[in-house]
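If you want the building blocks of each chain, they are given just below.
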Amino acid sequence: MIHSIFMLVFSIFLIFLTLQSAKAEPSNYLPVNGCLWSDCNVGNVIPPIENYSIDCCELEVPLNYAKANGTKISISMSRLIPSNKNYTMRNTLFFLTGGPGSSGWTALQYIPTLFPSNYGITIILPDHRGVGLSTPLTCDDHGSQNLTIDCISYLTSKWSIEGLNQFSITAAAHDLSVQIRFYQSISSGRVSVYSLSYGTVWLDRFLQIYPNIIQSAIMDSVMHPQLFSMSRYDLWTSLVASRFLAYCQFQSECSRYFPIHEPPQIMLSRILKELDQNNQHCINDHLLQYHITADKLRGLFRGMMSSSKSFYSRTVIPAVIFRLNRCNPDDVKILNFFFKTTLGTSEKLSKNGSTPPPALYDSLVLGFNIIQSELWLGKDEEEVDEETLLAWHNSTLMALENLKLFTSLRSEWPKYPLDEYYHKVAMNSNVLMLSSQLDPAANLDYATHLATMTSKTRTFYTFPLIGHVTILTVLVDYKCPLKLICSWAFANLFPSEWNDTSCIQEFPTTIDFVGNGKKEQEYSMIYLNISKPFEDLKLTTPSSEHFILSEQGNRFQPADNVQLLSSFSNVDITASCAMYCLQNMFCRTFDFDSITQQCRLYEGWIYTGSIISTSLPSIIGWIGTDPSMFSSYNASSDQCHDNRYLSYDILSGRCKCPLRTFWNGSMCLNQRFAGDTCVENNWCRDDLNIGCIASICTVIPTTSTTTSTTTTTPTCTTLVNFDDIDNQSSISNVVPNGYKNLNWTNAEYINVSTTPVDGGYRSAAPSGTFVMHNVNDFLMEGIEHCRTDSFHDFHSVNDGKRQSTTINNHITRFEDLSNEVIYEVFANLDYYHVYQGFFNLNYRFHSLQMESILPIKINLFPMSQSIFNRYNHDIIIPNTHRIDTLRISNYFMFDDRILALSEKTFLRTLTIENIESNCLKNLLHQLTLLSNLSSLTISTIKPVDNNKASIYQQIFHFPSLKFCKVSIGVKDLDDILPCTMNNSSPIEHLILDERIEWYQLNNFLSYIPRLRYLKVSLKKDRSFKQANLSPCLMKNLTHVSLQLYDTMTFIELQELFLNYFPFVQVLHLSLGIQFLDANEWERIIALYLPNLRIFNVYFFITVGYDTDLNLIDEQIKQFRSSFWIDRQFFLDYRFLSAIEYYHYRILYSTNPYRNKYFVICKQLSNVICEDEYKFFRSVNHVEIQKEKVMEKCNYYFPNITKLTLENGFSEAACELITTNLTRILPLQQLNTLIINCYDLSLLKLIELLSYAPNLHTLSFKFTPINEESRKTIEQYENLKSVSKTNCIRNLTYGSRCTLDEVEFLVKLFPHLRCLTTNIKLEFLESVLQFLLNENNENTRDLALFSLIDTNQQQRIHLDNLIKLKTLPQHCKTMQVTWNSVFVWW
């Protein structure tokens, strides 16, 4: 027995020692000998890197860091140093690639594009252990990556199980620390780490163990260390594929090619099933040579959609699906070109060619080892059998091609044990995280979850509609991710505006599948050899730019090797090589070898060299030549902007042949080499010292002579460097006329240090700080500008806010202002007014609106259909990506055919006013696609009668919504909102004009656990028994505003605070007389509201003939005890209004609370008005019920914007209305005036309007405007002045009008947009014809007419007018309520 216990204890001790040895503690290991930077031992498979020098070093590290003196392996890193003599190694970026199993060499070809050498950054590409030039992990001694049982035997024999276990993420994190610390020991300066895809998991593991080694970290296309699951990878990829193809349905030109019941994602699913069943007719009949299977097609489409660099490549996928289904002769021809271009061989590098070291680019063994050990299952996921995985895979639209690669050896593979860092997250390091909406490899939902977990230390940005690895969008001309990365990594190296996230709005919010854009047409040519992906060959306009492909087995031999532009390695398919050619403006021919995966670009047209037959499966592609390509030769400069065949000649201002080409009378041809025929010197390669002699291009010999030289100082020469201008601005300004005794026109100087690092200004300032540029699009004196978009370089944006700009005193014309100042002006105007005033003014102001990247706010107030159509066409549609804020108050614009909200995916703030309740469901469906929407305000014209619960459920599913205000009618929420445990809404601020039943509160709050502010009304149905509330503590909820109805009691109120709102700090309450009990409130506040700081209460007290006023007075006195005074909870008591036998009083909180609404009414007998003025600075709306109180009390409202005059004014008081009002408030600040008093004459109304020039909304009901009063007022001298100066846009007149009265109203208010009134039946037709008359100057802005208080006869008559076409056909009507009709034209 004792022996058994001893053995058990000893076994436990051994297990403990084993676990301790496996524990991955931080390592301080540094190699004794360091490493020597030298040439990289990779043969000639790696081409030279433009403007960088490259070297490598290998460090010796332990195979097992727990046994530092044991077996050693090497880890390698390559270094790219900018080829710049002034460069100092002060900024270094470690670049972690993806995989797992990929080396740093896979990123090499992108470095010059991603980080141009003039950025001044040293790039380090560390190789993960097991791949690249590190000690490789292979299946045999020859570098095989063939994963079999034999491979497992070889690995366990060579490395042992324990040794193989060391090729893990944690060991790679230790390696990275060794590489970084070694580099820091030899180079001072800032070190940042950028990671992508799997590299983000590698970096996260590193930051868990070593949180303080580096200065900054970036994760691009974030993989969640806890939730990423390779076993579920195909499911996420297919979901993204479905979302991607669904965008075809949002583009009518694309969706029309697919039946309604079979959109592209459904059609693709059917085609894949047909391939599985070997009955896909198009492939079986015409395309068998490509051996297309369902798996191959899934993998091909995934590859085209996956990466961000495939931004335009993916746009042809729906057309390929469509053509595979239709399969007419044109389709077959186009599909042949497509599969020939995309389906390269999967063979590896030939041993006969230039063979790289084993696993230079990838190690399948390393990747398999890491995936099977710790990336196969996400946290809490269970193992899935192979049959289920295969079923999942076969149900996908796009997926990895070879699923069996991951499943066949899973049970046999020797997986390494998991350490304490497995499924953990680094929480203590500042990290920039970037993810994209259509990333099939890195789950955006998981990335968002990770961002929420780490929100205290990490910054997270999402990019719309792009794929995997956001930084690669640089390859398709979108630099926003790169700028954010650079400014995060090296803030002092780049302009501050690079940190401006508004650049995210540069990305389009729709996908062009039909070739409307130039780029889409170019890529369609690459893949389909047709510019419009869906069009038939006979209908397509022939393109002057198209690729022609040779058969396999051909390579290009240039006339001279100098024509080789560049070479790319590790290129997967022909189409990728064609893309490289397309991106190089000088490329005319390329060849691609699918075995060596080499792509070479040549500047020579195909006719300049030779086509050589070869046994290798290489292929040549070239751009077909046609004289139409050069039709703009010698045209003005604007005709060759961004033209690859012609360039702008600055001396002549004309389109000329590009460098190293000549004009032969019809085309620009490549200059010729020695021995070729010629006519003039420019036919020959003069850069190689070849000239035309006796009609033959001949090398001209050079001679070297020694002569004496005399230095002569030229006369009449002035050095102009713009560095010595008087009173010079430190940033930019106009070059003053007379500077250097020259006349300057349309010229400005700019400090180059304020311009982007990659701009051309810095290279143009060798002699000083400033250069001259043309800020406008006008001709400068003596010099034409060479940039039409130069103003893009002067946007000054910092965190979304424009910086203030100083205007020099000598500028006297608006057009002389700098662009920054003009943007400041634009920002303070309604954008429609910017459009109206400047859009067609001149090219500069047109460009300032159309080519800016600044966010804009669109306010769609009631405007005519024609004006809206122009505004929509000119501004809204082209700037969809810039619309940050949108407000719609026009009842007729909620049709998605008029305004497609689903396309505005960058929208952050949306206000919807006066929407019809039956349009609300469709609207909310559109909003589900707005992933950036953070603020939503909705109000309906009339209450929503049913399905309110489903409306809230839709709103609670919006992914980014923080602020929400909903006004869908005061009817009760009667349908049951189900409780939820999983659908957590991000809403933090919620305002509801809604009555919620007491028993529904728990279910309602279960959707919004992050809530901080809540405003709602609560009631209790008397027919329900006491509700049992399930506690749902809202820990974040600190601000609550409640209206409680008289069916509730103190007991229920106590339970409310106890179960839901115990953390409330600010409480606003609107209550009835049943809650007028100070003692109960003292008890509740003391026991259940310990954090309460502000108690703002409004008791509404109804006093009838049998009310005991003494009792009410005693109850009110209780609110003046020390409990209330100590907490500074002060209340006031006054009269509100009276109706027949009842009057109403209020007990309400006073200072320090900031009430925005104030009623001036009859005072109670014991209230004495103050002698001194009392200022109500927070009030913006005043309602005046009695003029006598207004006369007696010394109130002043300095910030009022809205005034309501009730019917408590006598005729005599109305005569003094203006005088009395100016004593208590500034009339000039009013923008809204509502008049409900009977005795205010039209004359006094106009007098009042003359003091309120900023009114935009006016409502008056009872003022007569009959013929007699109109004649009187027409003699009034203020009439013309008021008519000219008032800016009233919205007018409501409560009386029934005649035609004469309507004519008078629009004459008095000529800027009306919306007129609301009633019309006598006999005048209805004539009034509408008058309002719709286009020649009527006074109704030019009027677009909406609201008929109120209508009867059935009036509505029938209006319908008949439209049916009989008495009114224009474009008129639209809407019956909003049973007695209100709107007309829009």
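Residues numbered from 1 in each chain as written. Predicted model: local features only at pLDDT ≥ 70, side-chain atom pairs only at ≥ 80, totals over all residues. Heavy atoms only, no water.

Another aspect to go through is the overall build of the chain. Looking only at helices and strands, the chain has 39 helices and 51 strands in total. Relative to its full complement of 1385 residues, the chain shows a buried share of 54%. Long-range contacts, defined as pairs at least 24 residues apart, comprise 71% of the intrachain contacts of the chain with a sequence gap of at least 6. In the structure as shown, the chain presents an accessible area of about 62300 Å², 50% of it carried by carbon and sulfur atoms. (Helix = DSSP H or I, 4+ residues; strand = E, 2+ residues; numbered from the N terminus. Buried < 20%, exposed > 50% of the residue type's maximum accessible area, 1.4 Å probe, protein only. Contact = heavy atoms within 4.5 Å. Areas by Shrake-Rupley, 256 points an atom, 1.4 Å probe, with all protein chains shown as cover.)

Here the focus is the pattern of salt bridges. Under the definition given, this model contains 27 salt bridges. One salt bridge in this structure joins Arg410 and Glu383, with 2.7 Å as the shortest N-O distance. Of the two residues, Arg410 sits in the loop between α15 (404-407) and β7 (431-436) while Glu383 sits in the loop between α13 (364-375) and α14 (386-394), which places them 27 residues apart along the sequence. Residue Lys962 pairs with Glu988 through a salt bridge whose shortest N-O separation is 3.7 Å. One end of the pair, Lys962, is in the loop between α25 (948-956) and β31 (963-967); the other, Glu988, is in the loop between β32 (972-973) and β33 (989-997), with 26 residues separating them in the sequence. The class of Lys962 is partly exposed, set by a relative accessible area of 35%. Accessibility expressed as a relative area gives 25% for Glu988, which makes it partly exposed. What you see here is one network of salt bridges that share partners, running through Arg323, Arg326, Asp331 and Asp536. (Salt bridge = Lys/Arg side-chain N within 4 Å of Asp/Glu carboxyl O.)

On to the sheet that holds strand β5 (residues 190-196). Pairing within the open sheet is mixed, and its eight strands lie in the order β1-β2-β4-β3-β5-β6-β7-β8. With partners counted over all chains shown, the strands left at the sheet margins are β1 (52-62) and β8 (458-463), one partner each. Within this sheet the neighbouring strands show an average axis-to-axis angle of 20°, counted without direction. Across five bridges, β5 lies against strand β6 (residues 216-220) in parallel orientation. Across the sheet, residue Leu196 finds its bridge partner in β6, namely Asp220. (Pairing = 2+ DSSP bridges. Axes fitted to C-alpha atoms, helices over the stretch in contact; angles between N-to-C directions.)

What follows deals with the confidence of the model for the chain. In this model, the chain carries a mean pLDDT of 78, and residues with pLDDT of at least 70 account for 78%. Scored below 50 in pLDDT, residues 345-354 makes 13 contacts in the model with residues more than four places away or belonging to other chains. Low pLDDT (under 50) marks residues 756-760, which in the prediction has 15 contacts with non-local residues, meaning those over four places away or in another chain. (pLDDT = per-residue confidence, 0-100.)

Before going further, it helps to spend a moment on the sheet that holds strand β11 (residues 564-568). Strand order in the open sheet made by the five strands is β9-β15-β12-β13-β11, with antiparallel pairing throughout. Here the strands that pair on one side only, and so sit at the sheet edges, are β9 (547-549) and β11. Strand-to-strand twist across the sheet, computed as the mean angle between neighbouring axes with direction ignored, equals 20°. Both strand β12 (residues 589-593) and strand β15 (residues 618-623) contribute to a ladder of five bridges, which runs antiparallel. If you follow Phe590 over to β15, its bridge partner there is Gly621. Most of the contacts of helix α19 (residues 574-583) go to β12, to which it runs at about 150°, and overall it touches β9, β11, β12, β13 (598-602) and β15.

Let's shift gears to helix α8 (residues 264-276). Taking 1.5 Å per residue as the helical rise, α8 with its 13 residues ought to reach 18 Å, and the 18 Å between its terminal C-alpha atoms agrees with that figure. Taken together, the buried residues of α8 touch α6 (233-246), α9 (281-286), α10 (294-306) and α11 (317-326). Backbone geometry just after α8 places Asn278 at a positive phi near 60°. (Expected span 1.5 Å × (residues − 1).)

Below, the discussion takes up the packing of aromatic side chains. The full count for this structure, using the stated rule, is 43 aromatic pairs. Between the aromatic rings of Phe258 and Phe534, the centroid separation amounts to 6.2 Å while the plane-to-plane angle is 90°, which identifies the pairing as edge-to-face. On the criterion of sequence distance, the pair formed by Phe258 in the loop between α7 (252-255) and α8 and Phe534 in the loop between α18 (518-528) and β9 is long-range, its members being 276 residues apart. Summarising the burial analysis for this pair, Phe258 and Phe534 share the class buried. (Phe/Tyr/Trp six-rings, centres within 6.5 Å; stacked < 30°, edge-to-face > 60°.)

A cluster of nonpolar side chains, Met585, Phe586 and Leu659, forms an exposed patch at the surface whose accessible area comes to about 280 Å². Turning to its location among the elements, Met585 is positioned in the loop between α19 and β12. (Patch = residues over 30% accessible without salt bridge, like charges linked within 9 Å, V, L, I, M, F, W, Y side chains within 5 Å.)

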